[in-house]
Amino acid sequence: MSSSAPQHPRLAGGHRLWSVDEHLADVLSAVRPLEPIELQLLDAQGCVLVEDVTVPVALPPFDNSSMDGYAVRTADVQGASEEFPAVLTVVGDVAAGSGELPTVGPGEAARIMTGAPLPPGAEAVVPVEWTDGGTGGGAAAGMTPASAAPEHAGGEVRVHRAAEARAHVRARGSDVQAGDLALAAGTILGPPQIALLAAIGRGTVRVRPRPRVVVMSTGSELVQPGEALTAGTIYDSNSFALAAAARDAGAIAYRVGAVADDADTLRATIEDQLIRADLLVTTGGVSVGAYDVVKEALSSVGHSDAVEGADGGAARGADGGRMDFRKLAMQPGKPQGFGTIGPDHTPLLALPGNPVSSYVSFELFVRPAIRALMGLPESEVRRPSVRAVLDADKALSSPAGRRQFLRGTYDAENGTVSPVGGSGSHLIAALAHADSLMVVPEDVTSVEPGTELEVILLG
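Here's what I pulled together on the structure shown here.

Details of helix H4 (residues 238–249)
Here H4 is 12 residues long and its end C-alpha atoms lie 16 Å apart, about the 16 Å a rise of 1.5 Å per residue gives. Within H4, burial applies to Asn238, Ser239, Leu242, Ala243, Ala245, Ala246 and Ala249. For H4, the angular spread of the buried residues around the axis is 160°, confining them to a single face. For H4, the elements touching its buried residues are strand S14 (212–218), strand S17 (252–259), strand S18 (279–283), strand S24 (346–351) and helix H7 (355–373).

Written out as structure tokens, the structure reads:
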């Protein structure tokens, strides 16, 4: 991590106050994209492609039918109508996957199924609904099953409409041509991309794996959902929220049950989790309370000879790992911790324990770290933001010198944003109804209705 920064406001005791941007830059400076690996297609879902993929063969690889019907020569059906149908001899079936194909000559037709190759001599496909289906009656609703077709699709068919050349024929290479770029490096592989890779014959692909993120809450007061509450206890919502947020960001998330306020227990838990973590996230225990044990525990996790830094809580070990605990010029989420721990210098972000503070901190700092580990371009590391006009009944207040993040609902059609709930960092119910964060700059203490604001979109 970087240790130098521009001049900051000073807190009591002489410790500097970090800006949101400086803290994020410090986090991202310590995060490197994960090393690429070769994965089977389904295992690569959600991963980022690290190489351009070109098309080895045209797609589709042959002219094929887009309808169930009859492959015909256009001259044979010219002028056909229900009153004067074209009567053609059926020379066989062409099913999807057919190898040997019948040749369609003058006055002939071949039954053909969707996706089947166009047989030699045929110039178009007439849908079965334009014919009598070989029954000798009126318009057919569908084809007679192959098992029940007389003489293996022999006999005659009456065609009631003309067809132009290439009608209902998918041309070879109409999707992609051999040598075309199928997917560019940097593409996140979702279901459509997996489908394309399979369609062009790729069984494996080279990607950066999804980061493994371990999330744990701290606090002896935390009870797991589904258990009974006792006096002074609350349900652990943070670890669930952050694990879900990590998955939403593209990571594989491992949620660890709440850890009690005991430094040795927390230290042991973190050390146990290092083996499966590309990134660790803790929530709670980073403030100045007597039972905020995260700083105490992390001062020696994976380190020896830990020392105190000048910024009020920095700890550096002989292995080069470092944890910094700092105050940020933001609300909510003022207390933050960040560093690398263990022999592999695994990044760890220690977030505050209040639910809204924790979630906002995740969106601002942890999500970008996850996206950076995935190897995404800078434009896709952060959440998108827009400018919107404040739609509110009264002015919003904001503390001087703090960048405030308020929950909001964004109306894209009208270009407005409305506040949801108050500014309290414990108001989790309001967070559940928000789809954005309104950003009030550090030098603004009041925002009047009608003012344009930056809005971070969460959806």
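Back to the text.
Quick notes on the sheet that holds strand S8 (residues 108–112)
Read across the open sheet, the 5 strands follow the order S9-S6-S8-S7-S10; overall the sheet is mixed. Both edges of this open sheet fall to strand S9 (124–127) and strand S10 (156–159), since each of them pairs with a single strand only. Averaged over all adjacent pairs, the angle separating strand axes in this sheet is 40°, with direction ignored. Looking at chain direction, strand S7 (residues 86–94) and S8 are connected through 4 bridges and run parallel. By the bridge assignment for S8, Asp93 is matched with Arg111.

Overview of the pattern of salt bridges
Taken as a whole and assessed by the stated rule, the structure comprises 17 salt bridges. Where Asp26 meets Arg326, a salt bridge forms, and the shortest distance between an N and an O atom there is 2.9 Å. Of the two residues, Asp26 is situated in helix H1 (residues 20–29) and Arg326 in strand S21 (residues 322–328); the sequence distance between them amounts to 300 residues. Assigned by exposure class, Asp26 and Arg326 land together as buried. Among the salt bridges present, the one from Glu51 reaches Arg202, with a minimum N-O distance of 3.1 Å. Placement of Glu51 in the loop between strand S3 (48–49) and strand S4 (53–54) and of Arg202 in the loop between helix H3 (191–199) and strand S13 (204–208) is noted, with a sequence separation of 151 residues between them. In this structure Glu51 comes out as partly exposed when scored by relative accessible area, which is 26%. What emerges from the salt-bridge pattern is a single network uniting Asp248, Glu363, Arg367 and Arg383.

Brief notes about the side chain of Asp26
Accessibility expressed as a relative area gives 0% for Asp26, which makes it buried. Here Arg326 takes part through its side chain, which lies 2.9 Å from a polar atom of the side chain of Asp26.

Some points on the sheet that holds S13
Spatially, the 3 strands line up as an open sheet ordered S2-S13-S3, and their pairing is antiparallel. The open sheet has two edge strands, strand S2 (37–40) and S3, and neither has a second partner. As paired elements, S3 and S13 share 2 bridges and run antiparallel to each other. Among the inter-strand pairings, Val48 is bridged to a residue of S13, identified as Arg208.

Digging into H3
Of the positions making up H3, those classed as buried are Ile194, Leu196 and Leu197. Looking straight down H3, one finds its buried side chains confined to an arc of 160°; they lie on one side. With respect to the buried face of H3, the exposed residues turned more than 90 degrees away are Pro191 and Pro192. Tucked inside the fold, the buried residues of H3 contact S4, strand S12 (181–183) and S13. Looking one or two residues beyond H3, the residue adopting positive phi is Gly201, at roughly 90°.

Considerations on the packing of aromatic side chains
Applying the stated criterion across every chain, the model contains 0 aromatic pairs. Positioned over the ring face of Trp130 is Arg161, at 4.0 Å from the centre of the ring. When the ring centre of Phe240 is taken as reference, the NZ or CZ atom of Arg255 above it lies at 4.0 Å.

Topic: the packing of H1 against H7
Close contact between H1 and H7 brings their axes to 10 Å; oriented N to C, the two are set at 30°. It follows from the interaxial angle that H1 and H7 lie roughly parallel. Crossing of H1 against H7: the hand is right-handed. In this structure, H1 uses Val20, His23, Leu24, Val27 and Leu28 to contact H7, whose residues at the interface are Leu364, Phe365, Pro368, Ala369 and Ala372. In the contact of H1 with H7, the residues fall into 9 nonpolar, 1 polar and no charged.

Some remarks on the nonpolar core
With 43 residues, the main nonpolar core has Leu279 and Ile370 as its most contacted residues. At the level of elements, H1, S14, H4, S18, S24, H7 and strand S29 (436–440) are the ones that each hand at least two residues to this core. In terms of residue count, H7 provides more of this core than any other element does, 11 residues in total. Dropping the residues within four chain positions of it, Leu279 is found in contact with Arg212, Val213, Val214, Thr346, Pro347, Leu349, Val366, Ala369, Ile370 and Leu373.

Topic: the pairing of strand S23 (residues 335–341)
Among the 7 residues of S23, 7 are classified as buried, and the element is accordingly described as predominantly covered. Residues Pro335, Gly337, Gly339 and Ile341 line one face of S23 and the alternating positions Gln336, Phe338 and Thr340 line the opposite face, and both faces are buried. One ladder, built from 6 bridges, connects S21 with S23; its direction is antiparallel. Among the inter-strand pairings, Asp324 is bridged to a residue of S23, identified as Phe338. The pairing of S23 with S24 spans 5 bridges and is classified as antiparallel. When the sheet's bridge partners are listed, Gly339 is paired in S24 with Leu348. Hairpin connection of S23 to S24: 4 residues between the antiparallel strands, including Gly342 at a positive phi of 80°.

Criteria and cut-off values
- Residues numbered from 1 in each chain as written.
- Predicted model: local features only at pLDDT ≥ 70, side-chain atom pairs only at ≥ 80, totals over all residues.
- Heavy atoms only, no water.
- Helix = DSSP H or I, 4+ residues; strand = E, 2+ residues; numbered from the N terminus.
- Expected span 1.5 Å × (residues − 1).
- Buried < 20%, exposed > 50% of the residue type's maximum accessible area, 1.4 Å probe, protein only.
- Arc of directions from axis to C-beta.
- Contact = heavy atoms within 4.5 Å.
- Pairing = 2+ DSSP bridges.
- Axes fitted to C-alpha atoms, helices over the stretch in contact; angles between N-to-C directions.
- Salt bridge = Lys/Arg side-chain N within 4 Å of Asp/Glu carboxyl O.
- Polar contact = N/O pair within 3.5 Å; in protein donor to acceptor, adjacent residues only side chain to side chain.
- Phe/Tyr/Trp six-rings, centres within 6.5 Å; stacked < 30°, edge-to-face > 60°.
- Lys NZ or Arg CZ within 6 Å of the ring centre and 35° of its normal.
- Parallel < 35°, antiparallel > 145°, perpendicular 65-115°, else oblique.
- Left-handed = near helix turned anticlockwise from the far one by under 90°.
- Nonpolar A, V, L, I, M, F, W, Y, C, P; charged D, E, K, R; others polar.
- Core = buried A, V, L, I, M, F, W, Y, C linked by side-chain atoms within 4.5 Å.

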